[in-house]
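# Commentary on secondary and tertiary structure
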Amino acid sequence: MRCTRLILQRSRALCRRVNTWTAVGAAFNVQHRRADYLQKNVGLFGVPELSSPAGFQVAQRKALREAELLVQRACTHPPGAITVETFDQLSDSLCKVADLADFIKVAHPDAAFRAAAERTCIDIGTVVEKLNTNVDLCQSLKNLLENEAVLSALDPDTRRVAELFMFDFEISGIHLDESKRKKVVALNVKLLDLYHEFLNGSQLPNTIEKQVLPEHIRHCFSIDGNCVQISGLHADSPNELVREAAYKIFLYPSNSLLLCLDELLACRHELAILVGYESFAHRALKGTMAKTPETVMKFLKLLTEKLSDRTSKDFKMMREMKKKTHSTNHEVMPWDHAYLSGAIRTEKFNIDPSVYSPYFSLGACMEGLNRLFTQLLGVSFQAEEPKMGEVWNEDVRKLAVVHETEGLLGYIYCDFFRRPDKPHQDCHFTIRGGRLREDGVYQLPVVVLMLSLPPPNSKTPSLLTPSLVENLFHEMGHAMHSMLGRTRYQHVTGTRCSTDFAEVPSVLMEYFASDYRVVSQFARHYQTGEPLAERLVSRLCESKRVCSAADTQLQIYYAALDQVYHGKPQYRTTTDILREMQEKFYGLPYVPDTAWQLRFSHLVGYGAKYYSYLMSRAVASMVWRQCFQQDPFSRVMGERYRREMLAHGGGKEPMLMVQGMLQNTPTIEDFVDALVLDLDADFRSSI
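So, here's what we can say about the structure. (Residues numbered from 1 in each chain as written. Predicted model: local features only at pLDDT ≥ 70, side-chain atom pairs only at ≥ 80, totals over all residues. Heavy atoms only, no water.)

## Side note on empty space enclosed by the protein
Using the following cut-off: Both cavities and pockets are sets of points on a 1 Å grid over the protein atoms alone; in a cavity a 1.4 Å probe fits but cannot get out, in a pocket the set is open with protein on both sides within 12 Å along at least five of seven lines, and lining residues sit with an atom within 4 Å of a point. Grid points are joined across faces, edges and corners, and a volume is the space filled by probe spheres set on the points. Strands here mean DSSP runs of E at least two residues long; helices mean DSSP runs of H or I at least four residues long; both are numbered from the N terminus. Classification convention: Asp, Glu, Lys, Arg as charged; Ala, Val, Leu, Ile, Met, Phe, Trp, Tyr, Cys, Pro as nonpolar; all other residues, Gly among them, as polar.
All chains considered together, the criterion is met by two cavities of 30 Å³ or more. In this structure, the largest cavity spans a volume of roughly 90 Å³. Taken together, 13 residues form the lining of the largest cavity, with Phe 373, Leu 377, Met 509, Tyr 641 and Leu 646 sitting closest to its centre. Elements represented by at least two residues in the lining of the largest cavity include exactly α16 (362–377), α17 (466–484), α19 (504–513) and α26 (635–646). Of the residues contributing to the lining of the largest cavity, the split by class is 11 nonpolar, two polar and no charged. Counted as a void, the second largest cavity has a volume near 40 Å³. Contributing to the lining of the second largest cavity are Thr 430, Arg 432, Gly 433, Gly 434, Pro 445, Val 446, Val 447, Ser 482, Thr 493, Gly 494 and Thr 495. Per-class residue counts for the lining of the second largest cavity are three nonpolar, seven polar and one charged.

## Let's talk about the layout of surface pockets
Volume-wise, the second largest pocket comes out at about 640 Å³. Lining the second largest pocket are 24 residues, and of these Phe 45, Gly 46, Val 47, Lys 96 and Arg 432 sit closest to its centre. For the lining of the second largest pocket, the secondary structure elements donating two or more residues are α3 (55–76), α4 (81–107), β6 (407–417) and β7 (427–432). Among the elements that take part in the lining of the second largest pocket, α3 stands out by supplying five residues, more than any other. Per-class residue counts for the lining of the second largest pocket are 13 nonpolar, three polar and eight charged.

## Some points on the sheet that holds strand β10 (residues 446–453)
What counts here: In this description, strands pair whenever DSSP reports at least two bridges between them. For every element, the axis is a line fit to its C-alpha atoms; helices are fit only across the contacting stretch, and the angle between N-to-C directions ranges from 0 to 180 degrees. Contacts are assigned to residue pairs with any non-hydrogen atoms lying within 4.5 Å of each other.
Sheet architecture is open: five strands sit in the order β4-β5-β6-β10-β7, paired in mixed fashion. Edge positions in the sheet fall to β4 (379–384) and β7, since each has one partner strand and no second. The average angle at which neighbouring strand axes cross in this sheet is 30°, direction not considered. Relative to β7, α4 is tilted by about 140°, and along the sheet it contacts β7 and β10.

## Considering α4
The α-helix advances 3.6 residues per turn, and as a result positions three or four apart in sequence lie on the same side. We apply this condition: Expected helix span is computed as 1.5 Å times (number of residues minus one). Fitting axes to the seven residues ending at a residue and to the seven starting there, one defines the bend at that residue as the angle between these axes.
In a regular helix each residue adds 1.5 Å, so 27 residues correspond to 39 Å; α4 covers 38 Å between its end C-alpha atoms and thus fits that length. A maximum bend of about 35° is found in α4 at Cys 95.

## Some remarks on the pairing of strand β1 (residues 206–209)
The criterion, for reference: Any residue under 20% of the maximum accessible area for its type is buried, any over 50% is exposed, and the rest in between are partly exposed; the area is computed with a 1.4 Å probe on protein chains only.
Only one face of β1 is covered, namely the face carrying Asn 206 and Ile 208; the face carrying Thr 207 and Glu 209 is uncovered. Both β1 and strand β3 (residues 227–230) contribute to a ladder of four bridges, which runs antiparallel. Residue pairing in the sheet places Asn 206 in a bridge with Ile 230 of β3.

## Let's talk about the pattern of salt bridges
Operational definition: Only one rule defines a salt bridge in this text: a Lys or Arg side-chain nitrogen within 4 Å of an Asp or Glu carboxyl oxygen.
On inspection of all chains with the given rule, the structure shows 41 salt bridges. The closest approach of N and O atoms between Glu 510 and Arg 617, which form a salt bridge, is 2.7 Å. Within this pair, whereas Glu 510 is found in helix α19, its partner Arg 617 is found in helix α25 (residues 612–628), the two being separated by 107 residues in sequence. For Glu 510, a relative accessible area of 11% puts it in the buried group. The exposure class of Arg 617 is partly exposed, given its relative accessible area of 28%. Arg 579 serves as the salt-bridge partner of Asp 576, at 2.9 Å between the closest nitrogen and oxygen. Taken together, the residues Asp 576 and Arg 579, both in helix α23 (residues 574–585) and three residues apart, mark about one turn of the helix. Residue classification places Arg 579 among the partly exposed positions, given a relative accessible area of 30%.

## A short note on the sheet that holds strand β2 (residues 222–224)
Across the sheet, which stays open at both edges, the three strands sit in the order β1-β3-β2 with antiparallel pairing between neighbours. What marks the edges here is a single partner per strand, and that holds for β1 and β2. Taking the axes of each pair of neighbouring strands and ignoring which way they run, one obtains an average angle of 30° across the sheet. Of the strands in this sheet, β1 and β3 are in contact with helix α10 (residues 240–250), which crosses β3 at around 85°.

## Section: the environment of Glu 320
By the element assignment, Glu 320 lies in helix α13 (residues 293–325). Of the residues examined, Glu 320 reaches a relative accessible area of 39% and is grouped as partly exposed.

## A few points about the pairing of strand β5 (residues 397–403)
Consecutive residues of a regular strand have side chains that alternate between opposite faces of the sheet. Most of β5 sits inside the fold, with seven of its seven residues counted as buried. Relative to β5, β4 runs antiparallel, the two sharing six bridges. Directly across from Ser 380, in β5, lies its bridge partner Val 402. In terms of strand pairing, β5 meets β6 through seven bridges, oriented antiparallel. Within β6, the residue paired with Arg 397 across the bridge is Cys 414. Where β5 folds back on β6, the antiparallel hairpin that results is connected by three residues.

## Concerning the nonpolar core
Put simply, the rule reads: Joining through side-chain atoms within 4.5 Å is the link that ties buried Ala, Val, Leu, Ile, Met, Phe, Trp, Tyr and Cys residues into a set, and such a set is a nonpolar core.
Core analysis: the biggest nonpolar cluster contains 172 residues, and Met 366, Phe 381, Ile 412, Phe 416 and Phe 628 have the highest contact counts within it. Among the elements that take part in this core, helix α22 (residues 548–565) stands out by supplying 11 residues, more than any other. In contact with Phe 416, not counting residues within four places along its chain, are Phe 28, Leu 362, Met 366, Lys 422, Leu 449, Leu 451, Ser 452, Leu 453 and Leu 472. Among the nonpolar cores identified, the runner-up in size contains 57 residues, and Ala 400, Tyr 413, Val 446 and Val 448 belong to it.

And the structure:
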């Protein structure tokens, strides 16, 4: 207890000095040390079995025993609402272990914990595959959905969840004969191996003999004896030769990985055809806002047309910049895009992240989020001290999310700081979904937010660049979606919704992070308390528009490539397809003997859904302009946002949620116009 008191005393001292931080802000702006030796190990996330790696097997066995009983109940009970409730309990019992393990296998610093979690993921995944092809289990749901009298008595949420469970059965081939069902299972198993192979291969460096590279640039890369290893594009290097070499070598095709991608796409197509779809894209897009590949391509083509003049101007600016900074070839190449747009941004605005960072201590940013959510939604954070064994690293902070009238909504574990061997990715993990339990008590959601922020030290708090602030707000948008998605069923809780809708709440938070009225509430110099000047925020927002059309066009190209790969077979190489799509949708030339698609790891996790980033941004832009731009703290709009969009998770058709929020029915043309309008926006109008 003495150590805890010292931390609180130090936090109060910091509060007095800056006079802006409460306990929430202070919890993130000081180094944390816990008196764990005084406590009993409660297990990861408070799960007693998980006080050691061996506990994963214990938790797994417990979940599987419970699953067996629930399967038996579902198969023997007469059809009704209880059927859906039983299915949801079955899903919950497995997800509570599998989702937790899925996080621990990538985030825990102890290899033994990671390995145990990995085994649990595989074991439960195998069980889920078997359940998805369990004919008796499916029949119990089918009896419900085919009984009009029973079906008509269900409330809309229960009926939708029943239909979603049936969809899971259908895409697993439950309606097929036994031999074809076995083929579906075999394809899914094969795909898991192909995913693993492709993801690993996409991250491997390429190696070249040292003498092939000019001597004066070798030091820019990793040297191993007589070889040079290139593990990235070095896109920000001011040396064009370094960028060119990195691009050509890192993207040089691997024959084995090309074959892996071919097989992956072929297996996905075969699987889709087996279960009754025209293509994998048609299968993947069912239930999304877009619904069909045709709609996605219409969106991408129309956006390309609307951006054409702006994109041309951006590439013209890049050529002019290349003339200034390079003495030889002035043609803009793919390896130039990021560097030249950055150089133009620097010339026009000279944005120096180090000027902003002192105003964006992590504690101040967390206070800003706390104030924003309190005003918009009546929700606040309360810092809690984790118990021994509850978290996987002492740097992890725990936040209780509390509503002013409804009480505790759930917990967010904040794994924000960089450390050795921690994945360098910003992401949101659902550990436990919310649902209404059988005893009438609501099961509180638990999530983890993972970022890669600089840790605080004894003299300086964690100071964030503007882009890191935006990342923080983005991921917190996901977290609040999970906290406020108060669904009856965990199968559709929070972010468990269509991919092209799931990013809307997170992208919307980026607009709040760029609005001076919001930023001015928390951006203070960590030493002097001086507020961040409005002109600096204005310049930062204006700088984001530099070459934004070309940047958007690059994303369109990626999305279009993803669609074509997952459409009907082209009977040509993935590189030939890439070359054609690059010419049609990008504007910079294809570089011979390169295969960028082999570094496109999103093909695995976002197969046929990479367009989701663009569509989600379009929706977020419309919501911002119509609902929050006039007053970013509007409680009326905040309550509508929760009621129409956040509360339903995936329990409501995504387009119906958008319609409810905007109070109109947007078209594809409206989405395109929203993205184009963003490029032309006068950011000063929002500050």
